[in-house]
Amino acid sequence: DHLLIGGGLAAANCARWLREGGGHGSIMLVGREPDPPYNRPPLSKGYLQAKEAREDVLFRPDEWWEEQRIQLRTRTSVMKLDAEARVATLSTKEEIEFEQALIATGSNVNRLRLDGCDLDGIHYLRAFGNSEAIRADAEARKRAVLIGGSYIGCEVAASLTAAHGVECEIVMLEDVTFEPFFGEKVGRFFQGVLEEHGVKVHGGEEVARFEGDGERVNKVVTKSGLEIECDFVVVGIGVTPDVMLARSAGLELGEQGGVRCTAELETSEPRIFAAGDICEYDSPVHGKPMRIEHWDVAFNQGKTAAFNMLGRGLEHNVVPYFFSDLADWVSMEYVGPGSGEPVVRGSMEAREFSVFYVDGGQVKAALSVGRSDDLDQARRFISEDTKVDPKALGSLETDLAAV
């Protein structure tokens, strides 16, 4: 009755809510990874730091799938999807007939195609095995270069430094960490935290090549001539949505590279839904098509898709939420995404502040360090298109609940 394609949180949470929402039909979840669905954030945080075990990271215990009468097929891909005939061909050569489907094929990591890119010791982070390989290098070696100044680069640098004592240097195209997401001022705050703990940051640098001694990497060279000796490298330069299956099935694609969906997350083919990194949906919150890459977004979209498979007809009106930890040094939460002039509330020096991004008198996004309650109000401002006074937002004397 319900074919869920993809082994991540979007499909897993869809399966959960198909059952908890009262569905009794048969469910098959097909994922190419060897493991059952799991939470990806710990791969750069607690799991990489060896603070969390594999069992802690799983979406549900292994026995849960059978208890819920969900047929879980790991190490299996859908090779072809005939949307009109409602038939999926698996990598096992089986043909599966279905009534409704969810496509949640996620993303593939972007890779550097440079001289030396095939040397041993160059890692990408997407799955359990990647995190385990990075951890093994961290336990045996002491110098790492992180390529990219966003979530993966910064989180892994913090985890390797704090948990394994690795000497880390970040090489990135942007001038300041997180700058494309949060702006220069906020990005510099997080960069300052990293540097305070010994992480060296090289902004405005583009990698030219990797060099090695024999088969293993031992140096990163940038186009400006900067040379950094290292024992291993972790590359985090973004992802590309995996829409190959959807494209071959003839589903309509959007301008942002995802699968075009309605506000109910239904694709151009009735009764076939999409969720997660590939989903480009008509957002009632933002008033325009949005495609957002983040585990929490995928998680919540899986729930919406499940309810709509059960005939609820719900729009996906959840304000997207993100979070990031730099080891136990600092944590941040974010709702959005959106851009605007930053309005700071609280003290960045005391590491207890929020930043509201205001455009045209409306809050489009907000970030918080140590002031989570402010995000509850930010969600309301965003979803209700509340007109705000920037000066009032920035004053701690203002009761945001009254705005």
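Anything mentioned here points back to the structure above.
What comes next concerns the included structure. Since we're looking at a predicted model, the values are computed, not measured. (Residues numbered from 1 in each chain as written. Predicted model: local features only at pLDDT ≥ 70, side-chain atom pairs only at ≥ 80, totals over all residues. Heavy atoms only, no water.)

### A look at the pattern of salt bridges
When charged atoms on two side chains of opposite charge get close, those side chains can pair.
Argument step 1. This structure, assessed with the given rule, holds 24 salt bridges.
Argument step 2. One salt bridge connects Arg143 with Asp231, and the closest N-O pair in it is separated by 3.2 Å. Here Arg143, found in strand S10 (residues 143-147), pairs with Asp231, found in the loop between strand S15 (227-229) and strand S16 (232-235); they are 88 residues apart in sequence, far enough to count as distant.
Argument step 3. Residues Asp376 and Arg379 are paired through a salt bridge, measuring 3.2 Å at the closest nitrogen-oxygen approach. Taken together, the residues span about one helical turn, with Asp376 and Arg379 both in helix H10 (residues 372-384) at a distance of three residues.
Argument step 4. Assessed through its relative accessible area of 43%, Asp376 is described here as partly exposed.
Argument step 5. Overall, the relative accessible area of 26% leaves Arg379 in the partly exposed class.
Argument step 6. Taken together, the salt bridges that share partners define one network made up of Arg209, Glu211, Lys219 and Glu227. (Salt bridge = Lys/Arg side-chain N within 4 Å of Asp/Glu carboxyl O. Helix = DSSP H or I, 4+ residues; strand = E, 2+ residues; numbered from the N terminus. Buried < 20%, exposed > 50% of the residue type's maximum accessible area, 1.4 Å probe, protein only.)

### Some remarks on the layout of surface pockets
Argument step 1. Volume-wise, the second largest pocket comes out at about 240 Å³.
Argument step 2. Along the walls of the second largest pocket sit Val285, His286, Lys288, Met290, Pro337, Gly338, Ser339, Gln362, Val363, Lys364, Ile382 and Asp385, which together make up its complete lining.
Argument step 3. Of all the secondary-structure elements, those providing two or more residues to the lining of the second largest pocket are strand S21 (288-290) and strand S26 (362-369).
Argument step 4. Examining the composition of the lining of the second largest pocket, we find that three residues originate from one element, S26, more than from any other. (1 Å grid on protein atoms, 1.4 Å probe; cavity = no way out; pocket = protein on both sides within 12 Å on 5 of 7 lines; lining within 4 Å. Points joined across faces, edges and corners; volume = space filled by probe spheres on them.)

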